[in-house]
Amino acid sequence: MPSNEWLTITVGAVLVNNIVLSRIMGICPFLGVSKKIKTALGMGGAVIFVMGIASLVTSCLYHWLLSVKLNFTIGSLKVENLDLSFTRILVFIVVIAALVQMVEILLQKFSPMLYGALGIYLPLITTNCAVLGAAQLNAESNRGILPSTVYGLCSGLGFALALILFASLRERLELSRIPKAFQGTSIALITAGILALAFMGFSGLVK
């Protein structure tokens, strides 16, 4: 693949088509784990790992199994042109769930404090539409295995970037005098909207 196409995938996934701020996926952990930079860093790292590995595994499964017409014989039963593409979402979710379980075990063993801070949002990565969305976008775009993996990693980086920026803004907001009507979720949503508008400035960098 030409170098400009790699650059398009990278810049597009991280900035132009940011999985959270442009494609509006993964809003639940984005809002829930962005109160502190430390927890944002932990969740960002977990999502990068899961999204990168999930993109690799799901791409392999898609190209080698789900997008191929299968022909086989079991005893007297002959099956021709079996299309398993309808199981794509189910298979992708199973893969993502297994990877999240691995991350949970590792964090519980090596970083119990971060594991406790992430709380319910860590297992929710299983159904995080940002992770599933990256796998689906790879399949729909029919990207190769390596481009799919790069896209997944860069989408995870974009998610982490948005999460850390948002967390730093929310920490600053806690030190600010905010009108009572805008405190809590209201100011968080307003800030997220302004951040999304800022990322719109990257539009046009890649097509």
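Just above sits the structure.
Computed from a predicted model, the values in this text were never measured in an experiment. For every chain, the first residue of the written sequence is number 1, and numbering continues from 1 onward in sequence order. Where totals are concerned, whole chains, interfaces and linings use all residues; where local detail is concerned, this predicted model gives features only for residues with pLDDT of at least 70, and gives and counts side-chain atom pairs only at 80 or more. Values shown for side chains rest on all heavy atoms present in the structure; no hydrogens or waters enter the calculation.

Asks: How would you explain the layout of surface pockets if you had to name every residue and give the values?
Replies: What the largest pocket holds in volume is close to 290 Å³. Buried and open spaces are told apart on a 1 Å grid over the protein atoms alone, a cavity being a set of points where a 1.4 Å probe fits but cannot get out and a pocket being an open set with protein on both sides within 12 Å along at least five of seven lines. Residues with an atom within 4 Å of a point are the lining residues. Lining the largest pocket are Leu 31, Lys 35, Arg 170, Leu 173, Glu 174, Ser 176, Ile 178, Gln 183, Gly 184, Thr 185, Ile 187 and Ala 188. When contributions to the lining of the largest pocket are tallied by element, the ones reaching two or more residues are α7 (145-174) and α8 (185-199). Under the scheme applied here, ten amino acids are nonpolar (Ala, Val, Leu, Ile, Met, Phe, Trp, Tyr, Cys and Pro), four are charged (Asp, Glu, Lys and Arg), and all others, including Gly, are polar. Looking at the lining of the largest pocket, its residues break down into 5 nonpolar, 4 polar and 3 charged. Grid points are joined across faces, edges and corners, and a volume is the space filled by probe spheres set on the points. Helix and strand labels come from DSSP, where a helix needs a run of H or I of at least four residues and a strand needs a run of E of at least two; each type is numbered from the N terminus.

Asks: Tell me about the environment of Pro 123, residues and numbers included.
Replies: With respect to the element layout, Pro 123 can be found in the loop between α5 (112-118) and α6 (129-141). Using a 1.4 Å probe on the protein chains alone, a residue whose accessible area is under 20% of its type maximum counts as buried, one over 50% counts as exposed, and one in between counts as partly exposed. Note on Pro 123: relative accessible area 29%, which makes it partly exposed. Residues are treated as being in contact if the distance between any of their heavy atoms lies within 4.5 Å. When neighbours within four sequence positions are excluded, Pro 123 is seen to be in contact with Val 100 and Glu 104.

Asks: Break down the nonpolar core for me, with residues and values.
Replies: Of all hydrophobic cores here, the largest spans 49 residues; its most connected members are Leu 21, Phe 30, Met 43, Val 50, Ile 125 and Phe 159. Mapped onto this core, the elements with two or more residues apiece are α1 (3-16), α3 (37-66), α4 (88-110), α5, α6, α7 and α8. Residue contributions to this core peak at 9 residues, all from α3. Not counting the four nearest positions on each side in its chain, Met 43 is found in contact with Pro 29, Val 33, Leu 118, Tyr 121, Leu 122, Ile 125, Phe 159 and Leu 163. By nonpolar core we mean a set of buried residues, namely Ala, Val, Leu, Ile, Met, Phe, Trp, Tyr and Cys, connected to one another through side-chain atoms within 4.5 Å.

Asks: Summarise the packing of α3 against α7; cite the residues concerned and give the values.
Replies: Axes, fitted as lines to C-alpha atoms, cover a helix only where it is in contact. Angles between the N-to-C directions of the axes lie from 0 to 180 degrees. Contact geometry for α3 and α7: axes closest at 8 Å, N-to-C directions at 160°. Taken together, the axis directions place α3 and α7 in an arrangement best described as roughly antiparallel. Judged by the sense of rotation from one axis to the other, the crossing of α3 with α7 is right-handed. Taken together, the residues of the contact of α3 with α7 break down into 18 nonpolar, 11 polar and 1 charged. Orientation is classified from the angle alone, with under 35 degrees giving roughly parallel, over 145 giving roughly antiparallel, 65 to 115 giving roughly perpendicular, and any other angle giving oblique. It is the rotation of the near helix from the far one that decides the hand of a crossing: anticlockwise by less than a right angle makes it left-handed, clockwise makes it right-handed.

Asks: Run through empty space enclosed by the protein, naming residues and quoting values.
Replies: Taken as a whole, this structure holds 1 cavity of 30 Å³ or more when the rule is applied. Around the largest cavity sit Ser 55, Thr 58, Ser 59, Tyr 62, His 63, Phe 92, Ala 135, Asn 138, Ala 139, Arg 143 and Ser 148, which together line it. Put simply, the parts of the chain that give the lining of the largest cavity at least two residues each are α3 and α6. Ranked by residue count, the leading element in the lining of the largest cavity is α3, at 5 residues. Classifying every residue of the lining of the largest cavity by side-chain character gives 4 nonpolar, 6 polar and 1 charged.

Asks: For the state of the cysteines, give the residues involved together with the corresponding values.
Replies: Defined by distance alone, a disulfide is two cysteine sulfur atoms within 2.5 Å. Counting across every chain of the model gives 0 disulfides. In this model Cys 60 remains outside any disulfide bridge; the closest cysteine sulfur is found in Cys 154, 17 Å from its own. Taking the relative accessible area as the measure of exposure, Cys 60 reaches 17% and is therefore buried. Overall, the relative accessible area of 8% leaves Cys 154 in the buried class.

Asks: Tell me about the packing of aromatic side chains, and name the residues and values.
Replies: Pairing of aromatic side chains requires ring centres within 6.5 Å, counting the rings of Phe and Tyr and the six-membered ring of Trp. Pairs whose planes differ by under 30 degrees are stacked, by over 60 edge-to-face, and all others tilted. Tallying each qualifying case throughout the model produces 2 aromatic pairs. Each ring, one from Phe 199 and one from Phe 202, has its centre 5.4 Å from the other, and the planes form 70°; the classification is edge-to-face. Only when the NZ of Lys or the CZ of Arg is both within 6 Å of the ring centre and within 35 degrees of the ring normal is a charge said to sit over the ring. The ring of Tyr 151 carries Arg 143 above its face, with NZ or CZ at 4.2 Å from the centroid.

Limitation: the analysis is restricted to geometry and does not speak to function.
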